[in-house]
Amino acid sequence: MGRGKLRIYLGAAPGVGKTYAMLAEAHRRVERGTDCVVGFVEHHGRPRTEVMLRGLEQVARRELEYRGAVFTEMDVDAVLDRAPRVALVDELAHSNVPGSRNGKRWQDVEELLAAGVDVVSTVNIQHLESLGDVVASITGVRQRETVPDEVVRRADQIELVDMSPEALRRRMAHGNIYQPDKVDAALSNYFRPGNLTALRELALLWVADRVDEYLQQYRSEHRVSRIWGSRERIVVGLTGGPEGSTLIRRAARLAEKGAGGEVLAVYIASSDGLTAASPKELAVQRTLVEDLGGTFHHVVGDDIPAALLAFARGANATQIVLGVSRRKSWQYVFGPGVGATVARDSGPDLDVHLITHGQAGKGRGLPVSRGARLGRSRIIAGWAVGVILPAVLAVLLVTVHLGLANDMLLYLAVTVAAALLGGLLPALASAAVGSLLLNYFYTPPLHRFTIADPKNMVAIAVFVGVGAAVASVVDLAARRTHQASRLRAESEILSFLAGNVLRGETGLEDLLERVRETFGMESAALLERAGDRDPWTCAGRAGLGPAGGRPEDADVDVPVGDHLALALTGRVLPAEDRRVLAAFAAQAAVVLDRTRLREEAQTARALAEGNRIRTALLAAVSHDLRTPLAGIKASVSSLRSDDVAWSEEDRAELLEGIEEGADRLDHLVGNLLDMSRLQTGTVTPLIREADLDEVVPMALVGVPEGSVGLEVPETLPMVAVDPGLLERAMANLVENAVKYSPPGEAVLVAASAIADRVEVRVVDRGPGVPDEAKERIFEPFQRYGDAPRGAGVGLGLAVARGFTEAMGGTLDAEDTPGGGLTMVLTLRAAASHAPEPPHPAEPERQTTW
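Cut-offs used in this document
Residues numbered from 1 in each chain as written. Predicted model: local features only at pLDDT ≥ 70, side-chain atom pairs only at ≥ 80, totals over all residues. Heavy atoms only, no water. Helix = DSSP H or I, 4+ residues; strand = E, 2+ residues; numbered from the N terminus. Buried < 20%, exposed > 50% of the residue type's maximum accessible area, 1.4 Å probe, protein only. Contact = heavy atoms within 4.5 Å. Areas by Shrake-Rupley, 256 points an atom, 1.4 Å probe, with all protein chains shown as cover. Expected span 1.5 Å × (residues − 1). Polar contact = N/O pair within 3.5 Å; in protein donor to acceptor, adjacent residues only side chain to side chain. Arc of directions from axis to C-beta. Pairing = 2+ DSSP bridges. Patch = residues over 30% accessible without salt bridge, like charges linked within 9 Å, V, L, I, M, F, W, Y side chains within 5 Å. Salt bridge = Lys/Arg side-chain N within 4 Å of Asp/Glu carboxyl O. Lys, Arg positive; Asp, Glu negative; His and termini not counted. Charge placed at Lys NZ, Arg CZ, Asp CG, Glu CD. Axes fitted to C-alpha atoms, helices over the stretch in contact; angles between N-to-C directions. Parallel < 35°, antiparallel > 145°, perpendicular 65-115°, else oblique. Left-handed = near helix turned anticlockwise from the far one by under 90°. Nonpolar A, V, L, I, M, F, W, Y, C, P; charged D, E, K, R; others polar.

### So, the overall build of the protein
A count of helical and extended segments in the protein gives 24 helices and 25 strands. Across the 849 residues that make up the protein, the buried fraction comes to 44%. Taking the intrachain contacts of the protein between residues at least 6 apart in sequence as the baseline, contacts between residues at least 24 apart amount to 71%. Counting only carbon and sulfur atoms, one obtains 55% of the accessible surface of the protein, whose full area is about 43600 Å².

Right under this line is the structure:
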């Protein structure tokens, strides 16, 4: 048996009419013939609610004694034994009296749903667990009875019961909610206009978020790529510093002000950027943003502002949240900083928020490691110091000569400074220029590029060697820092990838989108081919740009085996990025294989079901078809016998038996062939406009006279169907209804128009079918109850549903009010014929067949 469906009426405060709306829905369902009972509804002395309870079946409650008083709770076992189609259970967040089967009423509801019972319930927004702190800050009252948000989010339907604060307060003043002696206190405390307005806003935003989830699901299922500007997307730039949590919470509050805003936290690992990031802080911030309903992203980019803006535009973000720089004032000499650069380059389509925090202006707290090769500005500064400063020093030392040793130390200091700033080449240039100047100006003979004293030659050689050594050490340190930064970023990315592999959470498109996002590419595609000479095809893609073609046509391609390749377009990646890209490519191949294995498993299950059907077909042929054949053969053999002189009456009876057996054979073979067509998927309906009053009577040919009553209004619109399939489906439904109807009770076939649909109801007064068996009767080779073998092979309803669904309709079973079973066949009205109401002077046509 399938799980029941949950419908919840959500309100902003007590008294908005949730229970009244639930009871009104129950009356509508009862009028339609649905088996609906009241599991637990408390009217709280409200007369209008109490009146709505009349006419509804109420399951007896369970009495419990607690602390000398007697309380009543819903009797879960009684409801399960009653086994209704729908149960009404009020106050989903209610805490049961100690001694009850479950501590919370929502746990009772879960048992009913698991048993296949549909539940209609109510809850107020203040009882949602995640909103407890917010509601307490608004109303000053901490709700002790709460329900987990996930329970409410899993509901199949959530309907908001809304009312303005003014109307709710008027209802309260009229005594329609609380007793008169409690009205004044309620109006001056919990039911103040400000409280009600805030609670109403919470309810509206929560339901809007649920609607957005449905919208995203629809866009995903229908592959809608065009952006619908229905919500705010806020990107939070993280540095790995302690201010990240403040930024995330601020962005979450900004998102709450919009219509279901979305928060995307991004950390950019740059070759010359934020190397002081704390892995522990990033892990905490990732958990925080996911707890708040956002997502965490890791991006590699050399230019932090450009990478952040590219990510924001790629995610269709509307706002960027950054923290005020932690740099000290003097550090702004080296540049305006990430925040100022992002704000300058964001353009008119992105709003940039710079958020103050406790770490602003206090420095990073750790030595700033560049984490990359020396930048362009440092190299230029190194060349300037290495080439220009020695000349300036020569001019100064001409006027004040300090001796050769001191002069060499000064030139050595300049060479070391050039090495620290610009690396190896500026330092070598500085050493060369400094040695020439020392030789020309300070070593005898002066003003000539010769050296008279060999000791001076050794000194200059040592000078050049020290400068080269210092420069090489600085360059090696920069390279090692760059490698450490790259390896750290790669390890974080590979750790994320490994986690997804273990959890099996990432689909192929999601993984390719992660690849595109991580490496800042325009598109990423996984290409495959069957053989070495076969053309390449696209197994999956993400981003904009070409998805087909050959791997060698892309900017970057990574082979995965002989017949798979990951192709990226946008820019050429450096060789050091290909190691991580190869891991992504291998994971993409694994995801593709897993997806196909899942599809093959589904195909295998379908084949197994087909084998079961074929086995049942053989069983039907071996028994059900043999029985009428045996009867026909016996009757024919008797008629041909010369030993018996048959009377006219006997001869007519034997011929009638032959005819009935042949009809049974024709019917059985027809259903077997129809079921075979449905199983093989060869049913191709020819949809056209048709009148029901022409098709339905043709389906009644062959039923006993007077066994069927027909009600088809002449004003019904035409339907879009295959007349042949509809006739066959109706014939099976009517035959099944006549078979189980008691003698003297005619089956009713009635049609009516509802919006853009037309419903045909086949109503019988037979024994009916329990709710747990209503879906099973549509399965092949199912007979209800103790139907004899001669009653058919159990394919009639399966064929009827298959044909109906092939035409785009539905076929369901409902209880007939007063006993029996009603088959509801819903068809699409033809587009060119809108439903018209029946003329008041012309009653519906009724025919007895």
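### Notes on helix α23 (residues 723-740)
The end-to-end C-alpha separation of α23 is 26 Å, in line with the 26 Å expected for 18 residues at 1.5 Å each. Buried within α23 are the following residues: P723, L725, L726, A729, M730, N732, L733, V734, N736 and A737. Here α23 starts with a cap whose side-chain oxygen sits 3.0 Å from the backbone nitrogen of G724, and that cap is D722.

### Focus: helix α13 (residues 338-345)
When we look at burial in α13, the residues that qualify are G339, T341 and V342. The arc that holds the buried residues of α13, viewed along the axis, is 165 degrees, so those residues lie on one side. Its buried side turned inward, α13 meets α12 (304-314), β12 (319-323) and β13 (351-355). Taken from the residues just after α13, G347 is the one with a positive phi, measuring 80 degrees.

### Here we look at the pairing of strand β11 (residues 295-300)
Among the six residues that make up β11, five are buried, leaving the element largely enclosed by the rest of the structure. The pairing of strand β10 (residues 262-269) with β11 spans six bridges and is classified as parallel. Directly across from A265, in β11, lies its bridge partner F296.

### Quick look at the pairing of strand β24 (residues 821-828)
A regular strand places its side chains on the two faces of the sheet in alternate fashion. For β24, a buried count of seven out of eight residues is recorded, marking the element as mostly surrounded by other parts of the structure. Looking at chain direction, strand β22 (residues 757-763) and β24 are connected through seven bridges and run antiparallel. Directly across from V760, in β24, lies its bridge partner L825. The sheet contact formed by strand β23 (residues 810-815) and β24 spans six bridges and is antiparallel. Looking at β24, one finds that D815 is bridged to L821.

### Observations concerning a negative patch on the surface
Taken together, the side chains of E648, E649, D650, E653, E656, E659, E660, D663 and D666 present a region of like negative charge at the surface. Residue placement: E660 occurs in helix α21 (residues 648-680). The exposure class assigned to E660 is partly exposed, which follows from its relative accessible area of 46%.

### Here's the deal with a positive patch on the surface
Together, R249, R250, R253 and K257 line one region of the surface with positive charge. The topology assignment puts R250 in helix α10 (residues 244-257).

### Brief notes about the pattern of salt bridges
If you walk through the whole model with that rule in mind, you get 26 salt bridges. Several salt bridges share partner residues, and in doing so they unite R7, E25, R28, R29 and E159 into one network.

### A few points about the sheet that holds β11
Strand pairs in the sheet, formed through backbone hydrogen bonds, run parallel or antiparallel to each other. A sheet is described by the order of its strands in space; here five strands give the open sequence β11-β10-β9-β12-β13, paired in parallel fashion. Here the strands that pair on one side only, and so sit at the sheet edges, are β11 and β13. Mean inter-strand twist for the sheet, computed between neighbouring axes without regard to direction, equals 25 degrees. With three bridges joining them, strand β9 (residues 233-238) and β12 adopt parallel strand pairing. Each bridged residue has a counterpart across the sheet, and for V235 the counterpart in β12 is I320.

### A short note on the packing of helix α22 (residues 692-699) against α23
The interhelical angle for the contact between α22 and α23, taken along N-to-C directions, is 45 degrees, at an axis separation of 8 Å. Judged by the angle between their axes, α22 and α23 are oblique. The handedness of the crossing between α22 and α23 is right-handed. Residue-level contacts link L692, V695, V696, M698 and A699 of α22 to P723, L726, E727, M730 and A731 of α23. When its residues are assigned to classes, the contact of α22 with α23 shows nine nonpolar, no polar and one charged.

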